[in-house]
Amino acid sequence: ESTVKDSDLMHIIHVTAEMAPIAKVGGLGDVVTGLARASLSRGHTVDIMLPFYKCISKQQINELELINTYDSYHDGNWIPTSAYRGAVSGISVIFIEPSNEFFKGEHVYGGSYNELEAYLFFSRACLEWMQVTGTQPEIIHVHEWQIGALPLLYWDMYRYLSLTKPRIVLTIHNMEHYGECRQEQLSKCGLDGSMYATTEKAVDDRTIGHNPERLCLLKGGIVYSNAVVYYGVLNGIDTAMWNPATDVFLPAKFDAQKIEGKKLCKYYIQKGLGLATESITSSNHVPDATVKVPLVVCITRLVPQKGLHLITHALKRVEELGGQMIVLGKASDGRVEGEFKRLADLHNRGPSIRILLMYSEELSHMLYAAADMVLVPSMYEPCGLSQMIGMRYGSILKVPVVRKTGGLADTVFDMDDQSNREMANGFVFEGIDEGSLNWALDRAFAYYKDKPDEWNGIVKKIMKIDNSWNNTAGKYIEIYNSVRVRS
Ligand code: ADP
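Rules used throughout
For every chain, the first residue of the written sequence is number 1, and numbering continues from 1 onward in sequence order. Given that the model is predicted, a residue must reach a pLDDT of at least 70 before its local features are reported, and side-chain atom pairs must reach 80 or more before they are shown or counted; all residues, however, enter totals for whole chains, interfaces and linings. Only the C-beta atom matters for nearness: placed from the backbone, it must lie within 6 Å of the molecule or strand for the residue to count as near. For the purposes of this entry, the term helix denotes a DSSP run of H or I that reaches at least four residues, the term strand denotes a run of E that reaches at least two, and both are numbered from the N terminus. Classification convention: Asp, Glu, Lys, Arg as charged; Ala, Val, Leu, Ile, Met, Phe, Trp, Tyr, Cys, Pro as nonpolar; all other residues, Gly among them, as polar. Annotation comment: domain bounds sourced from an automatic or database domain assignment. By definition, residue pairs are in contact when their C-beta atoms, positioned from the backbone, come within 7 Å. Convention adopted: a line fitted to C-alpha atoms gives each axis, helices being fitted over their contacting stretch, and angles between N-to-C directions are expressed from 0 to 180 degrees. An angle below 35 degrees is treated as roughly parallel, one above 145 as roughly antiparallel, one from 65 to 115 as roughly perpendicular, and anything else as oblique. Left-handed describes a crossing in which the near helix is turned anticlockwise from the far one by less than a right angle; the clockwise case is right-handed. DSSP calls a pair of strands paired once it identifies at least 2 bridges connecting them.

1. Quick word on the site of the ligand
Around the ligand there are 20 residues in total, and Gly26, Gly27, Ser364, Leu385 and Ser386 lie nearest to it. Broken down by secondary-structure element, the contributors of at least two residues to the shell around the ligand are helix 1 (27-41), strand 11 (295-302), strand 12 (324-331), helix 9 (361-370) and helix 10 (386-392). Among the residues making up the shell around the ligand, the classes are represented as seven nonpolar, nine polar and four charged. Per-domain counts for the shell around the ligand show at least three residues from each of domain 1 (11-237 + 471-483) and domain 2 (260-463).

2. Overview of the domain arrangement of the protein chain
Domain parsing of the protein chain yields domain 1 (11-237 + 471-483) and domain 2 (260-463). Between domain 1 and domain 2, the residue contacts involve 13 residues of the former and twelve residues of the latter. Class assignment for the residues of the side of domain 1 that touches domain 2 results in four nonpolar, six polar and three charged.

3. Details of the packing of helix 7 (residues 308-320) against helix 12 (residues 434-450)
Helix 12 packs onto helix 7 with a crossing angle of 45° between their chain directions and a minimal axis gap of 10 Å. With respect to helix 12, the element helix 7 is oriented oblique. For the pair helix 7 and helix 12, the crossing hand works out as right-handed. Here Leu310, His313, Ala314, Arg317 and Val318 of helix 7 lie close against helix 12, whose contacting residues are Glu434, Leu437, Asn438 and Leu441. Here the contact of helix 7 with helix 12 is built from residues that sort into five nonpolar, two polar and two charged.

4. Structural notes on the sheet that holds strand 1 (residues 11-15)
Strand order in the open sheet formed by eight strands is 3-4-5-2-1-6-7-10, with mixed pairing between adjacent strands. The two strands at the open ends of the sheet, each matched to only one other strand, are strand 3 (62-74) and strand 10 (227-229). Strand-to-strand twist across the sheet, computed as the mean angle between neighbouring axes with direction ignored, equals 20°. For strand 2 (residues 45-51) and strand 5 (residues 91-98), the ladder comprises five bridges, and the chain directions are parallel. Considered in strand 5, the bridge of Met49 is made with Ile94. Along the sheet, helix 1 contacts strand 1, strand 2, strand 5 and strand 6 (139-143); its crossing angle with strand 2, the most-contacted strand, is approximately 155°. Taken strand by strand, helix 2 (residues 115-133) contacts strand 1, strand 2, strand 3, strand 4 (77-88) and strand 5, and its axis lies near 105° from that of strand 3.

Here it is, written out as structure tokens:
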């Protein structure tokens, strides 16, 4: 954990739709938890405000208690709302629970209530809570389009009530989603939606596919925030949550000095999923070096951004090359889900491919630990955490770099790049075609089989790479300091 302590301390409240591990869908959840914990360990006071989704398992929350009830506005009514406080991974979380249907679905997203309106309600309910409890943090850090209306509500409404101290920082993790919103929907949170229908406010005329008459919550958030962070800051991973030496989900622990546990994790996964196993010699639990089958894993939301055609192609190629591959993924689109279900039916009884169509935190930890290679074939990837987690768990990566500026290009360097031997930690490819992927896979498999010593050396090296928040939390603190108001 960080030993850096800041001298100029402040109170930071994150307002977010996701938080790992209790309400995580993708990287957003990891980033919020990791940054909050890093700020906390530097000495700041940190709270996370989260909708009290019905799907949150209460066992994962410590010291959960009701702190107050209040009313928050929605569409002409004041909705009785409860605020709870609890601790998750040592971080204080304030859960907002409206008494209406909002957030009462089976999953974090995709319930039968109106999602956009639910987050508009939540954005206001968080400010309303600060107002009624007299809570004035220096920084309100909002994330993604879901909380995009909060800066508008703050500067055009709550600032005229009793909130004066907070300044707003917005982080955009993924521009693909921008919160398209009708004027009358925005009006439901108590602002006059028609007032925001200009490009100076919440209309974004440049977004491809965006209906120019619609408001864009993310655009509004950008205009109304004091600072906007858009991948200027590389994310980190929470190294307490992602630590192969202590990870409770792993059947055997390991680290760069004692790597044997990783082989055992691979064996457990192969056995557990009915894949052909490498024989483990009974004496020392080290797999027989003569049966070397590289295991490739891909853990991802199954959406076009993540390179779906390359994932399906990789299944074919890995099988041809005599390797094994496991995909752990969740699709939100029915057609994509159908396609992967078909592939699962085709492969899941064979000896080498498994396609697991679900979200599982536990399995994701086991798979990162078991993997020889983590495949991240994203079309674009502003930061990407999967490759960082893969490295920490000793898996060598294959990553396409479509946009050299993306986070993947900043964290993964090719093994065959002679000019950069020091940094080498993966197999990078630039094209988005199947040939480019083949080239990377073929090279990785050849390395794995022909140069085992070199491979093992790299595995140990990448496990020691510091992708923790220690490196980057300080950049966020600087941003907070640049906008905060000193009393
Ligand atoms: P994104 O935020 O675009 O989804 P990132 O690479 O930044 O991509 O973060 C993805 C995070 O979500 C990683 O922690 C990854 O392990 C996790 N994840 C993605 N899909 C699943 C799944 N089906 N089951 C468990 N964890 C998943």
